[in-house]
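Structural features, examined
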Amino acid sequence: MFLEPIREPGTRFAIEHHGGKAGRFWGFEKVELDGVILFRPRMCPHCKREAVVFDQREFPYCPACGKEPFLAHQAQPARRSRPDIERYRRLKAQKRGRIIYK
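Below: a short report on this structure. (Residues numbered from 1 in each chain as written. Predicted model: local features only at pLDDT ≥ 70, side-chain atom pairs only at ≥ 80, totals over all residues. Heavy atoms only, no water.)

Here the phi dihedral of Asp34 falls at roughly 50°; this positive angle occurs in a residue that is not glycine. Relative to the helices and strands, Asp34 is located in the loop between strand S1 (28–33) and strand S2 (36–41). Unusually for a residue other than glycine, Lys48 sits at a positive phi of about 55°. With respect to the helices and strands, Lys48 occurs in the loop between S2 and strand S3 (53–54). For Lys48, a relative accessible area of 58% gives the class exposed. (Helix = DSSP H or I, 4+ residues; strand = E, 2+ residues; numbered from the N terminus. Buried < 20%, exposed > 50% of the residue type's maximum accessible area, 1.4 Å probe, protein only.)

The residue Asp55 is located in the loop between S3 and strand S4 (60–61) in this model. Within polar-contact distance, the side chain of Asp55 engages the backbone nitrogen of Phe59 at 2.8 Å. When sequence neighbours within four positions are dropped, the list of residues in contact with Asp55 reads Ala22 and Tyr61. (Polar contact = N/O pair within 3.5 Å; in protein donor to acceptor, adjacent residues only side chain to side chain. Contact = heavy atoms within 4.5 Å.)

The following block contains the structure:
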């Protein structure tokens, strides 16, 4: 039997209050019009028609073209050479065996 935590009527849990990124804008760009600085939502780099928003999975996408914008941190990681991987594994084994302390 699963019991939900008791909460006061009219209040929300932290996860209900803060929610996720779904529906929020991906980012903002600074624009100056007639000496007034505005922050407008960042437009899609592919179609430049709609602002990029987050979907339910919390991934950015464009509602007009459906494409995800290119994100620098999602680029492919650098490939490591075989000797680097083997060296890393040897060091980890030595640390586990208490041969070296770091």
